[in-house]
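Survey of secondary and tertiary structure
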Amino acid sequence: MKKRHQQKLVIISVVMLIGFNLPIALLFDSAQNFLGFPVVYIYFFSIWLFSILVSLLIVKRYNE
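Residues numbered from 1 in each chain as written. Predicted model: local features only at pLDDT ≥ 70, side-chain atom pairs only at ≥ 80, totals over all residues. Heavy atoms only, no water.

**Quick word on helix H1 (residues 3–19)**
Counted only if it meets this: Secondary structure is summarised from DSSP: a helix means a run of H or I of at least four residues, a strand means a run of E of at least two, and numbering begins at the N terminus for each. The length a helix should cover is 1.5 Å for every residue beyond the first. In this scheme, a residue with accessible area under 20% of its type's maximum is buried, one over 50% is exposed, and one in between is partly exposed, where area comes from a 1.4 Å probe on protein chains only. Picture the helix axis, draw a direction to every C-beta atom, and the arc is the one those directions span. Throughout, a residue-residue contact means that at least one pair of heavy atoms, one from each residue, lies within 4.5 Å.
Here H1 is 17 residues long and its end C-alpha atoms lie 24 Å apart, about the 24 Å a rise of 1.5 Å per residue gives. Considered for burial, the residues of H1 that qualify are His5, Ile12 and Gly19. Taken down its axis, H1 places every buried residue within 30° of arc, on the same side. Residues of H1 that are exposed and angled more than 90 degrees away from the buried face: Lys3, Arg4, Val10, Ile11, Leu17 and Ile18. Structurally, H1 contributes buried residues whose contacts are with helix H2 (22–25) and helix H3 (39–62).

**What about a nonpolar patch on the surface?**
Selection rule: Think of a patch as exposed residues, more than 30% relative accessible area, with no salt bridge, where like charges cluster within 9 Å and nonpolar side chains (Val, Leu, Ile, Met, Phe, Trp, Tyr) cluster within 5 Å. Areas reported as accessible are Shrake-Rupley estimates using a 1.4 Å probe. Residue values count occlusion only from the protein chains shown. Definition used for salt bridges: Asp or Glu carboxyl oxygen within 4 Å of a side-chain nitrogen of Lys or Arg.
A contiguous nonpolar surface patch, about 540 Å² in accessible area, is contributed by Val10, Val14, Ile18, Ile24, Leu27 and Phe28. When residues of the nonpolar patch are assigned to their parent elements, the largest contribution, three residues, is made by H1. Structurally, Leu27 is set in the loop between H2 and strand S1 (33–34). A residue is classified by how much of its surface remains accessible, and Leu27, at 66% relative accessible area, is exposed.

**Structural notes on the packing of H1 against H3**
Rules: Simply put, an axis is a line fit to the C-alpha atoms, just over the touching stretch for a helix, and the angle between two N-to-C directions goes from 0 to 180 degrees. When an angle is under 35 degrees it counts as roughly parallel; over 145 it counts as roughly antiparallel; between 65 and 115 it counts as roughly perpendicular; any other value is oblique. Residue polarity follows a fixed list, in which Ala, Val, Leu, Ile, Met, Phe, Trp, Tyr, Cys and Pro are nonpolar, Asp, Glu, Lys and Arg are charged, and the others, Gly among them, are polar.
Running from N to C, H1 and H3 cross one another at 180°; their axes reach a closest spacing of 10 Å. The angle between the axes of H1 and H3 places the two elements in the roughly antiparallel class. Each of His5, Lys8, Leu9, Ile12, Met16 and Gly19 in H1 lies in contact with H3, whose residues at this interface are Tyr43, Ser51, Val54, Ser55, Ile58, Val59 and Tyr62. Its residues placed into classes, the contact of H1 with H3 shows eight nonpolar, four polar and one charged.

Right, dumping it as structure tokens:
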């Protein structure tokens, strides 16, 4: 894997670190539900799923 693709994975890791940071996560902490689930759960799992899918895309496309 080339250096620039490794850099993309590092950027994804930094975005996840920022997304899972407590002050950002507390923005979504509310008593409201969306489809029966708390909004904060949907936020955490959507960030997690997004990072997995983007990482998979980078690894599959640029695996050399």
